[in-house]
Amino acid sequence: MNEKRIPQRILLGPGPSDCHPEVLKAMATPLVGHLDPVFLEQMNETMQRLRQVFQTRNPLTLAMSGTGSAGMETVFVNALEPGDRVVIGICGAFGERMVDVASRTGAEVIQVRAPWGKIVDPGQIQEALKSHPRVKAVAVVHAETSTGVLQPLEEIGRFAQNYGALFLVDAVTSLGGVPVPVEEAGIDACYSGTQKCLSAPPGLSPATFSPRFEEALERRKRKVQSWYLDLTMVRQYWGMERFYHHTAPITMMYALHEALGLLLEEGLDSVFRRHLVNGRALQAGLEAMGLKLYADERHRLPQLTSVWIPDGVEDTLVRNRLLHEYGIEIGGGLGEVKGRVWRIGLLGHSSRRRNVLLLLGALEQILR
Ligand code: PLP
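Predicted model, so just to flag it, every value in this text is computed and none were measured.

Some details on the environment of isoleucine 328
No. 1: Residue placement: isoleucine 328 occurs in strand 12 (residues 328–329).
No. 2: The buried category is assigned to isoleucine 328, whose relative accessible area is 0%.
No. 3: When the C-alpha atoms of isoleucine 328 and glycine 13 are compared, they prove to be 8.6 Å apart, with 315 residues separating the residues in sequence.
No. 4: Contact partners of isoleucine 328, with chain neighbours within four places excluded, come to Ile10, Leu12, Leu322, Leu323, Leu358, Leu359 and Ala362.

Digging into the packing of helix 3 (residues 68–79) against helix 4 (residues 93–103)
No. 1: Two elements in contact, helix 3 and helix 4, have axes separated by 10 Å at closest approach and are oriented at 45°. The angle between helix 3 and helix 4 places the two elements in the oblique class. Here helix 3 runs over helix 4; the crossing is right-handed. Counting all contacts with helix 3, which are made through Ser69, Met72, Glu73 and Phe76, the residues of helix 4 involved are Phe94, Arg97, Met98, Val101 and Ala102.
No. 2: Residues of the contact of helix 3 with helix 4, tallied by class, amount to six nonpolar, one polar and two charged.

Quick look at the site of the ligand
No. 1: Around the ligand, the surrounding shell holds 14 residues, and the nearest of these are Thr67, Ser69, Thr145, Asp170 and Lys196.
No. 2: Here an oxygen atom of the ligand sits 2.4 Å away from a polar atom, N or O, in the side chain of threonine 145.
No. 3: Lysine 196 is positioned such that a nitrogen or oxygen atom in its side chain is 2.6 Å from an oxygen atom of the ligand.
No. 4: Considering the ligand on its own, with 390 Å² of exposed area, one finds that the protein chains cover 87% of that surface.
No. 5: Considering every element that reaches the shell around the ligand, the biggest residue donor is helix 3, with three residues.
No. 6: In terms of residue class, the shell around the ligand is built from five nonpolar, six polar and three charged.

Regarding the pairing of strand 10 (residues 204–209)
No. 1: Of all six residues making up strand 10, six are buried, and the element is well covered by its neighbours.
No. 2: Both faces of strand 10 are covered, namely the face carrying Leu204, Pro206 and Thr208 and the face carrying Ser205, Ala207 and Phe209.
No. 3: Taken together, the six bridges between strand 2 (residues 60–65) and strand 10 define a ladder with antiparallel strand orientation. Across the sheet, residue threonine 61 finds its bridge partner in strand 10, namely threonine 208.

Describing the sheet that holds strand 14 (residues 341–345)
No. 1: Overall, antiparallel pairing links the three strands, which are arranged 11-14-13 in an open sheet. In the strand order of this sheet, the two ends are held by strand 11 (304–308) and strand 13 (331–332), each with one partner.
No. 2: Where strand 13 meets strand 14, two bridges bridge the pair, whose relative direction is antiparallel. Residue glycine 332 lies in a different strand from strand 14, and its bridge partner there is tryptophan 342.
No. 3: Across the face of the sheet, helix 10 (residues 268–288) comes into contact with strand 11 and strand 14 while running at roughly 10° to strand 11.

Reading the values: rules and limits
Residues numbered from 1 in each chain as written. Predicted model: local features only at pLDDT ≥ 70, side-chain atom pairs only at ≥ 80, totals over all residues. Heavy atoms only, no water. Helix = DSSP H or I, 4+ residues; strand = E, 2+ residues; numbered from the N terminus. Buried < 20%, exposed > 50% of the residue type's maximum accessible area, 1.4 Å probe, protein only. Contact = heavy atoms within 4.5 Å. Axes fitted to C-alpha atoms, helices over the stretch in contact; angles between N-to-C directions. Parallel < 35°, antiparallel > 145°, perpendicular 65-115°, else oblique. Left-handed = near helix turned anticlockwise from the far one by under 90°. Nonpolar A, V, L, I, M, F, W, Y, C, P; charged D, E, K, R; others polar. Near = heavy atom within 4 Å. Polar contact = N/O pair within 3.5 Å; in protein donor to acceptor, adjacent residues only side chain to side chain. Areas by Shrake-Rupley, 256 points an atom, 1.4 Å probe, with all protein chains shown as cover. Pairing = 2+ DSSP bridges.

Structure, rendered in structure tokens:
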């Protein structure tokens, strides 16, 4: 057979990140059934590990089958019904995606916009809550992967609570890279993805829901519009009932269990420090090369750096050379900055000093 082998890359784009070798090993574990007591025991452990990483005691903490977008859809279809009102903060492509997903539920979406590269102003969220009665939920993206901006959460969480609205947060790129203090920030629903700072392949969306969110779920007038993502059923598989809902993606669950174990073994504080040190080193190195960073300096993510492509430099040419000559993947721009910025991820296992030096060296050679 003339099989084409997949080459080994260094993944420094906006995700997926390099998978931890121990996670890949865990994925070679023989299958057991999705109702096998050993597997159910491992699920319990995964829930407990997720609570630690999300910094919450929420009983309803689990992993939805599917990528980060499945987590996003889960949150909106369970929180909203036709006629509900939701305020969404938008400062990049994933805020835009939230609007699309939320509006498909039949809810009225009130958009609070900020320029790309900046954060959403919490004061404007408060204004939107003041001027629209009975807002059911407020949603923002914590780490906007399209721009590299970290959205502060606490103030928005307080406003949401003051107005009796649920606080919904996208932590796809933040979980495991910077603190996601679910309880402290008053978050009612938070979802992530396995392929960013958790260093596992794409395929699951860890998520957590507050008791307040569960109460709102009980008060729904209609069934959740998606059968697959209906938390009233999915929680009966993750909970004591252990009712079959759909076949769990067992191998991915092994991966998540292992990835969370590695993260907690390193320690949350050490993990955040590693991301911060490597991220700041990369940003300083890029600036030392004369490149300009895109995201607002006051709100830059350490794990995802966006940088303007210098005048006269062709986006795809540089990215192709990085890929084919150095085996390094970085990301291009999305939406309004497509072709104008590069996005460099130091996510999870990819956040290593040697990767910072490797990328800076390679980029310098190419741009010379
Ligand atoms: N939200 C954010 C902030 C993201 O960065 C992504 C993916 O990059 C998503 C949602 C969607 O996740 P996925 O591509 O895993 O479906």
